[in-house]
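Here are the chains, one letter per residue:
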Amino acid sequence: MTRRVAPVLVLVALVALVVGYVVWQRPAAPVPKPLAPKDVVLQYADGSTMWRSTDAWKRPPIVQRVFAELGPAALSFDSLKATGGVVRTTIDARAQTFAAAVVGRLIPPLRVIDTSAPITGRPRELDASVTAIDPGSGRVRVYFPGLSSVDDLAGGVRKELPAVLAEPFAAVAPNAIEERATPLDVSAAYATLAARGVQREPHFVTSVTAADGSLLYEAADTAKPVYATDRVDRITASLKEKPGCDGTACVPDAFPWMVGYTPEFAVTVYVEQTGVVDAGLPRLICLSS
C-alpha cells in the first residue's frame, strides 16, 4: 500500500511545484489605464452646440452657472466627464448672440495704454451685461456677462440698486428686491411681475442625457403664486405709462440699470463704468436687445 501511495504523492508534489513555478513566473496583470475623459456637450435651447469640453480650455461664466446648477443633482462636471453627456440649456442662441452684438456695438473698444501688454484679463473702463428670463417657465434665455473676462457682471457680483427699482414692488412686497443684487436677481424679480404674480426659480438647464441617450435630469416646474394678480396688473399698467417705455412695462430712470418686461421676457441691462457715461446707454442697449 505504501509503495502505491508514494508515487502519487511524488506526482502531486511535482504538479504543485510546476504550477507554483508557472504562477511565480507569470507576469503581473497589467494595471488598467485610466479611462479617457468623455465629451461633455452643452447645447443651446434649439439643440445647437454652445460648448464642448474636449474643444475648450476654459469654462466661461455661463458654463460655470450650468454646472453649479447641476451640482445638487449629483451631476458635476467631473462625473459627466467620466461618462459623457449632453446638457440642454435654456439659452436662446439667437437672443444671446444678438445681445452680445448689441453690447459690442454700443460699448467702445477697450482702450489699451501699453500696447505690449495683452488685452485678455484687463478690466474695461466701460462694460455691460444683459440677462433675460422667460416669466412663464423661469428659463434663463439670455446670460451675457459682459465683454471683459475679469468679472461676471450678469450674476457674479451683487451691485447696489437704485431705490427706483424697488418702488414697483411697494404695493405687493416691499422687500422683493434687496439693496444689493445681481442683474439676474433683478430679472427674476421682475419676471414674477411679468408672470402676473407667479414666481419661478430661474434656471439654466432643461435636461441632461447620458452618452447612451438615457435621461439623467429634467428641470421641474417651480411655479408658486406670490402676489395678487389684480395688484400686479396695476403695477404693469403704471410701468407701461412711463415716458420712453413705448407701451412696454419698464423702469427707464434707474441708471446705470434698465429693466423692462413683456409676458415673454423680463430683461435687465446693467452698465459698469469708471467714468462719465451717457445715462441713456442702458435704455439703448435694452431696447436694442
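Everything below is about the structure shown above.
Reading the values: the criteria
Residues numbered from 1 in each chain as written. Predicted model: local features only at pLDDT ≥ 70, side-chain atom pairs only at ≥ 80, totals over all residues. Heavy atoms only, no water. Core = buried A, V, L, I, M, F, W, Y, C linked by side-chain atoms within 4.5 Å. Buried < 20%, exposed > 50% of the residue type's maximum accessible area, 1.4 Å probe, protein only. Helix = DSSP H or I, 4+ residues; strand = E, 2+ residues; numbered from the N terminus. Contact = heavy atoms within 4.5 Å. Phe/Tyr/Trp six-rings, centres within 6.5 Å; stacked < 30°, edge-to-face > 60°. Lys NZ or Arg CZ within 6 Å of the ring centre and 35° of its normal. Expected span 1.5 Å × (residues − 1). Arc of directions from axis to C-beta. Disulfide = S-S within 2.5 Å. Pairing = 2+ DSSP bridges.

**What to know about the nonpolar core**
Move 1: L42, F67, L70, Y190 and Y261 are the most contacted members of the largest nonpolar core, which has 50 residues in total.
Move 2: Looking at this core, the element that brings in the most residues is helix α5 (residues 183–194), giving 8 residues.
Move 3: If we ignore the near neighbours within four places in the chain, the residues touching F67 are V40, L42, W51, L75, F77 and L80.
Move 4: Listed in part, the 16 residues of the second largest apolar core include V103, V130, F144 and V269.

**Side note on the packing of aromatic side chains**
Move 1: Evaluated as defined, the whole model comprises 7 aromatic pairs.
Move 2: Aromatic pair Y190 and Y261: ring centres 6.2 Å apart, planes at 45 degrees, arrangement tilted. Here Y190 is found in helix α5, whereas its partner Y261 is found in strand β13 (residues 257–261), with 71 residues between them in sequence.
Move 3: Relative accessible area serves as the criterion here: at 0%, Y190 is assigned to the buried category.
Move 4: Aromatic ring contacts, followed pair by pair, group W51, F67 and F77 into a single cluster.
Move 5: Above the ring of F77, the side-chain terminus of R59 is found at 4.0 Å from the ring centroid.

**So, the environment of Y227**
Move 1: Following the sequence through the fold, Y227 ends up in the loop between β11 (224–225) and α6 (229–240).
Move 2: Y227 sits 56 residues away from A171 along the chain, and the two C-alpha atoms are 9.6 Å apart.

**Overview of α6**
Move 1: A rise of 1.5 Å per residue sets the reference length of α6, with its 12 residues, at 16 Å; its end C-alpha atoms lie 17 Å apart and thus fit the reference within 8%.
Move 2: Of all the positions in α6, only V232, I235, T236 and L239 are classed as buried. An end-on view of α6 places all buried positions within 95 degrees of arc, on one side of the element.
Move 3: Of the surrounding secondary structure, the elements contacted by the buried residues of α6 are α5, β12 (249–254) and β13.

**Details of unusual backbone geometry**
Move 1: Note the cis peptide between F255 and P256, where omega equals 5 degrees.
Move 2: If you trace the backbone, P256 turns up in the loop between β12 and β13.
Move 3: A positive phi angle is found at A74, which is not glycine, with a value near 60 degrees.
Move 4: The residue A74 is located in the loop between α2 (61–70) and α3 (77–83) in this model.

**Let's talk about the state of the cysteines**
Move 1: This structure, assessed with the given rule, holds 1 disulfide.
Move 2: Between C245 and C250 runs a disulfide, and the two sulfur atoms are separated by 1.7 Å. On the sign convention where negative is left-handed, the bridge of C245 and C250, at about -85 degrees about the S-S bond, is left-handed.
Move 3: Given the relative accessible area of 4%, C250 is considered buried.

**Examining the environment of G138**
Move 1: Along the chain, G138 turns up in the loop between β4 (126–133) and β5 (140–144).
Move 2: Given the relative accessible area of 2%, G138 is considered buried.
Move 3: Once the C-alpha coordinates of G138 and A195 are considered, the two residues, 57 residues apart in sequence, prove to be 9.7 Å apart.
Move 4: Setting aside chain neighbours within four positions, we find G138 in contact with I133, R200, E201, P202 and H203.

**With respect to the pairing of β5**
Move 1: Taking burial as the measure, the 5 residues of β5 include 5 buried ones, the bulk of the element.
Move 2: Of the pairings in the sheet, the one linking β4 to β5 comprises 4 bridges and is antiparallel in character. Residue pairing in the sheet places I133 in a bridge with V140 of β5.
Move 3: In this antiparallel pair of consecutive strands, β4 and β5, the connection spans 6 residues, and G138 shows a positive phi of 85 degrees.

Treat this as a map of the structure, not an account of what it does.
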